[in-house]
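A structural walkthrough
Chain residues, written in single-letter form:
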Amino acid sequence: MARVVLRKATKLYPGGVIGAKDINLEIADKEFCILVGPSGCGKSTTLRMIAGLEEVTEGEIYIDDRLINDIPPKNRDIAMVFQNYALYPHMSAYENMAFALKLRKYPKKEIQHRVEEAAEILGIRPLLNRRPKALSGGERQRVAVGRAIVRKPKVFLFDEPLSNLDAKMRVQMRTELSKLHKRLQATMIYVTHDQVEAMTMGDKITVLKDGIIYQVADPITLYDQPVNKFVAGFIGTPPMNFMECRVIKKEAGIYIDEGNYEVKVSKKMGKALEPYVGREVVFGIRPEDIYDKLYSAGATRDNTISSTVEVVEPMGAEIMLHLTTGKSIFIARVGSHNKAKVNQDIEMVFDMDKIHVFDKKTEKTIV
């Protein structure tokens, strides 16, 4: 059992600078939890408080129902993998992986067994005699992960471990770490600023901003039901489109009025928007929920708008169309068969079952 619980964990730096504030988070045994957010949001501070590398100003942190606030890092039964690998350059991969076990005076046979077992899991047995300078970035990261595995800790902590790798290697290592989690059945807490990593790897994602948790949910819930505009815009690639609009009421129902277009919302959504009639809101829709009318079977007067193509970005299997209504700009993700050209006037269709509307002042999700 390796459950991690943070109760109102807070870190204040000199001058009253907030590193993390009132962090309430429970990470279940064997769960892969991702801490994600922009630079300076408090994710690494939170991880370092769990590791014991940052002192908790207020609040409590538990591992297996054991309060660890005053327990030194070496006694918390955690292992941490850093962004810069932190390997000893004068030691071989084997020696780097074995070093922590030697310090704890494990028998030589036990050390050899653990190192070779971890190397087998990570596919680096042929590299054990090499020093870090003779390894690629991906190989060094595997050695760093292996060094954590051999200790068989209760909790693994990863601090942006893939940020120094190239794009192709990051994708490969994401897959490797996901497989590793399933194989080890360990509790893992992983910090990243890359929401693609978060969405593809995590059982649970914690979104932070300005030292505060904004939402904790599984990837699909986070994507489909963001609690506010920040989460909606942070999760998803390309990010969600936002347009300032007004809610209006007609005989036919409730509409979103952008100025240059009007689209009708569903009856259920209309009920939620009744109190906002005549008020400005932020209308959100993801690029993948916008279609070219020429290729859409569900186009009606109430969900179709006129726009002009500003930029066409071919991405291989798909195309990103950057469009303008004359007032708002937005992106549509369409199929590679699309023939739209720059400066072309084009009618686009919104999937009104997948729109989001946010309060303009609070930025909280209305519907």
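For the structure, see preceding data.
Residues numbered from 1 in each chain as written. Predicted model: local features only at pLDDT ≥ 70, side-chain atom pairs only at ≥ 80, totals over all residues. Heavy atoms only, no water.

Remarks on the layout of surface pockets
Computed from the structure, the largest pocket encloses a volume of approximately 500 Å³. Forming the boundary of the largest pocket are 19 residues, of which Met 80, Phe 82, Ala 100, Arg 147 and Arg 151 lie nearest the centre. Along the lines of polarity and charge, the residues of the lining of the largest pocket split into 14 nonpolar, one polar and four charged. There is about 180 Å³ of room inside the second largest pocket. Forming the walls of the second largest pocket are Ser 266, Lys 268, Met 269, Ala 272, Met 352, Asp 353, Lys 354, Ile 355 and Val 367. In terms of residue class, the lining of the second largest pocket is built from five nonpolar, one polar and three charged. (1 Å grid on protein atoms, 1.4 Å probe; cavity = no way out; pocket = protein on both sides within 12 Å on 5 of 7 lines; lining within 4 Å. Points joined across faces, edges and corners; volume = space filled by probe spheres on them. Nonpolar A, V, L, I, M, F, W, Y, C, P; charged D, E, K, R; others polar.)

Details of unusual backbone geometry
In this structure, the amide linkage connecting Thr 237 to the following residue, Pro 238, adopts the cis form with an omega of -10°. Relative to the elements of secondary structure, Pro 238 occurs in the loop between helix H8 (229–234) and strand E11 (241–250). Unlike most non-glycine residues, Lys 152 shows phi in positive territory, near 50°. Tracing the backbone shows Lys 152 in the loop between helix H4 (137–149) and strand E7 (155–159). (Helix = DSSP H or I, 4+ residues; strand = E, 2+ residues; numbered from the N terminus.)

Some thoughts on the side chain of Thr 10
With respect to the element layout, Thr 10 can be found in strand E1 (residues 4–13). With residues near it in sequence (within four places) discarded, Thr 10 still touches Ala 20, Lys 21, Asp 22, Met 49, Val 56, Thr 57 and Glu 58. (Contact = heavy atoms within 4.5 Å.)

Regarding the nonpolar core
Core analysis: the largest hydrophobic core is formed by 47 residues, its most contacted members being Ile 34, Met 97, Val 145, Phe 158, Leu 177, Leu 180 and Tyr 190. Per-element tally for this core: the top contributor is helix H3 (residues 108–122), with six residues. With residues up to four places along the chain from it excluded, the contact list for Leu 177 reads Phe 32, Val 145, Phe 158, Leu 162, Tyr 190 and Met 201. Counting residues in each nonpolar core, the second largest holds 30 residues, with Val 265, Phe 283, Val 309 and Met 352 among its members. (Core = buried A, V, L, I, M, F, W, Y, C linked by side-chain atoms within 4.5 Å. Buried < 20%, exposed > 50% of the residue type's maximum accessible area, 1.4 Å probe, protein only.)

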